[in-house]
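For reference, the chains in residue letters:
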Amino acid sequence: MVGVKMAAAAAASIRERQTVALKRMLNFNVPHVKNSTGEPVWKVLIYDRFGQDIISPLLSVKELRDMGITLHLLLHSDRDPIPDVPAVYFVMPTEENIDRMCQDLRNQLYESYYLNFISAISRSKLEDIANAALAASAVTQVAKVFDQYLNFITLEDDMFVLCNQNKELVSYRAINRPDITDTEMETVMDTIVDSLFCFFVTLGAVPIIRCSRGTAAEMVAVKLDKKLRENLRDARNSLFTGDTLGAGQFSFQRPLLVLVDRNIDLATPLHHTWTYQALVHDVLDFHLNRVNLEESSGVENSPAGARPKRKNKKSYDLTPVDKFWQKHKGSPFPEVAESVQQELESYRAQEDEVKRLKSIMGLEGEDEGAISMLSDNTAKLTSAVSSLPELLEKKRLIDLHTNVATAVLEHIKARKLDVYFEYEEKIMSKTTLDKSLLDIISDPDAGTPEDKMRLFLIYYISAQQAPSEADLEQYKKALTDAGCNLNPLQYIKQWKAFAKMASAPASYGNTTTKPMGLLSRVMNTGSQFVMEGVKNLVLKQQNLPVTRILDNLMEMKSNPETDDYRYFDPKMLRGNDSSVPRNKNPFQEAIVFVVGGGNYIEYQNLVDYIKGKQGKHILYGCSELFNATQFIKQLSQLGQK
């Protein structure tokens, strides 16, 4: 029994559904009702790192407290006994976790135990717990054991990622290692499929699956189809019984799952970007919706000869509650800078208003003018005071985004990221280039060695015709002189030779950015952001390969790129291997899942694409989320062989 299914799957976002499932779990697996009776039951939450990663983007400490969680502790930390309190466990069913839980039972740490497994626990491990409970004569204390099927991490209403703790296991590098054995590959695929299965159980829908042939994505599709099929066959224990209505709120249609392999597009993950969220992920330390900034506090007012203060580390959560983030995470950066500035000005105006009202109130008995205005002003002041918490929250968000945007801007200016972005867009859209690639690579002021490497790899990947050996040597020399590590190029060379046999290179559409002259409004001296010299590039919506593939499959368009994609329907009695879809109608809901890692550039591109499609929903998922630095590192390891 996996709890009540909601009829509207994609209409209620995956974020809501996972949050509801977590709240139900924290409420001892009874649906959580808003304050029916006053106090919640106080309890402790024990999780492992996996559980922590799933909960932290969704529930704040305050929300946990409202649910009655007084303490949340890691399973493998030293925990003191709290004999009169129930404990809710939320952990992976691994050998070591189960040993530790058995130890807790033996030591009688808590009053009662609610054991929740992130992913399904095997029969034999369940017996281990039962034996430990018997031995500790704690059988009555083990109140419930639940499989939660929550083994994935939701980052946005429409975005999820499978792994964080063990992402090395399912990384691009792991899947593409030349020396990977079949059994290792099985393990990688099983890990991905287990999480995807959990995702669909939580979504409450059985998808129709499409995937490209001869790729890791196909292996995932075959395994997922089998796993869903087996679960649907087992009528007594099926996890999908409640959803006879299909997935959508109004559509009686099931969602489409498009499984894409990272190898269809290696340029996008290396691309320099221009939208806010993707930039934050590219240049700052942004991880599971939290950004960590180093703030240099400088040596301003310290006595001469004092050593510079050490850098303060600050972390900010960028959450769905943050209106500014929700509105601007997909905006081009100059627009973000301008909006932060406007917010700041409107806040200052409101702040002055509050001060003004307060000073008026303080003038009692000074002159009649002030007192005659009183009656009119009391109402105003009450509204000002009541809006104070709101104002302070607004101020907090403005400060947060001022800090984050300033940090991003420093990178843009120091590394000339606008130049890189514009140049790469031209390469990817096959536009004529205004200056030579060698010039940028050799320019000591333009970017870090890694920036140069990313640029060159994009050029190499996107080129219809690979550069001649002589040219390549020249580029290599320039890259080496600039301090680049050439390992990633080694791998990309092999990859390109292999991919060439398989198919034509991905096309990225054409004409993407038009510079609009420098920023006008933000240039004025009052602005927080000195944008001098930074190009104000405006984005033109172009579909990236992943978006284009989705568009073909979701809208049932015929296209050589996707016509031979395999088609699986786990609800059909006999699995037939065909690429001929039985369903000829366009889909209303789709999940794009990238096997081998995803990024915010693709996510944003999908979000922009679906804005123009009324009543349709898309979810973007990936086996891990990496930025270009992390991806280059994986390519470099692959190139060392």
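Residues numbered from 1 in each chain as written. Predicted model: local features only at pLDDT ≥ 70, side-chain atom pairs only at ≥ 80, totals over all residues. Heavy atoms only, no water.

Draft legend 1. Region of the structure containing the side chain of Arg454. Relative to the helices and strands, Arg454 resides in helix H17 (residues 449-462). On the accessibility criterion, Arg454 (0% relative accessible area) is buried. With sequence-adjacent residues up to four places away left out, Arg454 is seen in contact with Leu270, His271, His272, Asp282, Arg415, Ala628 and Ile632. (Helix = DSSP H or I, 4+ residues; strand = E, 2+ residues; numbered from the N terminus. Buried < 20%, exposed > 50% of the residue type's maximum accessible area, 1.4 Å probe, protein only. Contact = heavy atoms within 4.5 Å.)

Draft legend 2. Examining the pattern of salt bridges more closely. One pass over the structure, following the stated rule, counts 29 salt bridges. Here Lys329 ties to Glu156 by a salt bridge, and the two come within 2.4 Å at their closest N and O atoms. Placement of Lys329 in the loop between helix H10 (323-328) and helix H11 (333-361) and of Glu156 in strand S6 (residues 153-156) is noted, with a sequence separation of 173 residues between them. For Glu156, a relative accessible area of 4% corresponds to the buried category. Through salt bridges that share partners, Asp282, Arg415, Asp451 and Arg454 make up one connected network. (Salt bridge = Lys/Arg side-chain N within 4 Å of Asp/Glu carboxyl O.)

Draft legend 3. The packing of aromatic side chains, seen in detail. Tallying each qualifying case throughout the model produces 24 aromatic pairs. Here Tyr276 and Trp325 contribute two aromatic rings whose centre-to-centre distance is 5.3 Å and whose plane-to-plane angle is 70°, an arrangement assigned as edge-to-face. Pair noted here: Tyr276 is in helix H9 (residues 276-283) and Trp325 is in helix H10, with a separation of 49 residues, a long-range link. For the residue pair Tyr276 and Trp325, the accessibility class agrees, reading buried in each case. (Phe/Tyr/Trp six-rings, centres within 6.5 Å; stacked < 30°, edge-to-face > 60°.)

Draft legend 4. Summary view of unusual backbone geometry. The backbone of Phe28 sits at a positive phi, close to 60°, despite the residue not being glycine. By secondary structure assignment, the location of Phe28 is in the loop between helix H1 (14-26) and strand S1 (43-47). In this structure, Tyr149 takes a positive phi of about 50° despite not being glycine. Counting through the fold element by element, Tyr149 comes out in the loop between strand S5 (142-147) and S6.

Draft legend 5. A look at the sheet that holds strand S9 (residues 256-261). Spatially, seven strands are ordered S6-S7-S17-S16-S9-S8-S15 in an open sheet, and the strand pairing comes out mixed. Two strands in the sheet have a free side with no partner beyond their single neighbour: S6 and strand S15 (566-568). The mean angle between the axes of side-by-side strands here comes to 20°, regardless of whether they run parallel or antiparallel. Bridge analysis of strand S8 (residues 208-211) against S15 gives three bridges, and the strand direction is antiparallel. Of the residues in S15, the one forming a bridge with Ile209 is Phe568. Docked against the sheet, helix H20 (residues 545-554) engages S8, S9, strand S16 (589-595) and strand S17 (617-622), running at close to 145° with respect to S9. (Pairing = 2+ DSSP bridges. Axes fitted to C-alpha atoms, helices over the stretch in contact; angles between N-to-C directions.)

Draft legend 6. Local environment of H20. Burial analysis of H20 places ten of its ten residues in the buried class, which makes it a mostly covered element. Turning to H20, the residues buried within the fold contact S8, S9, S16, helix H21 (600-611) and S17. Directly after H20, the chain includes Met556, whose backbone phi takes a positive value near 55°.

Draft legend 7. Region of interest: a negative patch on the surface. Residues Glu95, Glu96, Asp99 and Asp128 make up a contiguous surface patch of negative charge. Sort the elements by how many residues they give to the negative patch and helix H4 (residues 95-106) lands first, with three residues. (Patch = residues over 30% accessible without salt bridge, like charges linked within 9 Å, V, L, I, M, F, W, Y side chains within 5 Å. Areas by Shrake-Rupley, 256 points an atom, 1.4 Å probe, with all protein chains shown as cover. Lys, Arg positive; Asp, Glu negative; His and termini not counted. Charge placed at Lys NZ, Arg CZ, Asp CG, Glu CD.)

Draft legend 8. Expanded view of H4. Over its twelve residues, H4 runs 17 Å from end to end, which matches the ideal 16 Å to within 8%, given 1.5 Å per residue. Inspection of H4 places Asn97, Ile98, Arg100, Met101, Cys102, Asp104 and Leu105 among the buried residues, and these make up the whole buried set. Elements that come into contact with the buried residues of H4 comprise strand S3 (82-91), strand S4 (110-117), helix H5 (123-135) and S5. Immediately downstream of H4, the backbone of Gln108 shows phi near 50°, a positive value. (Expected span 1.5 Å × (residues − 1).)

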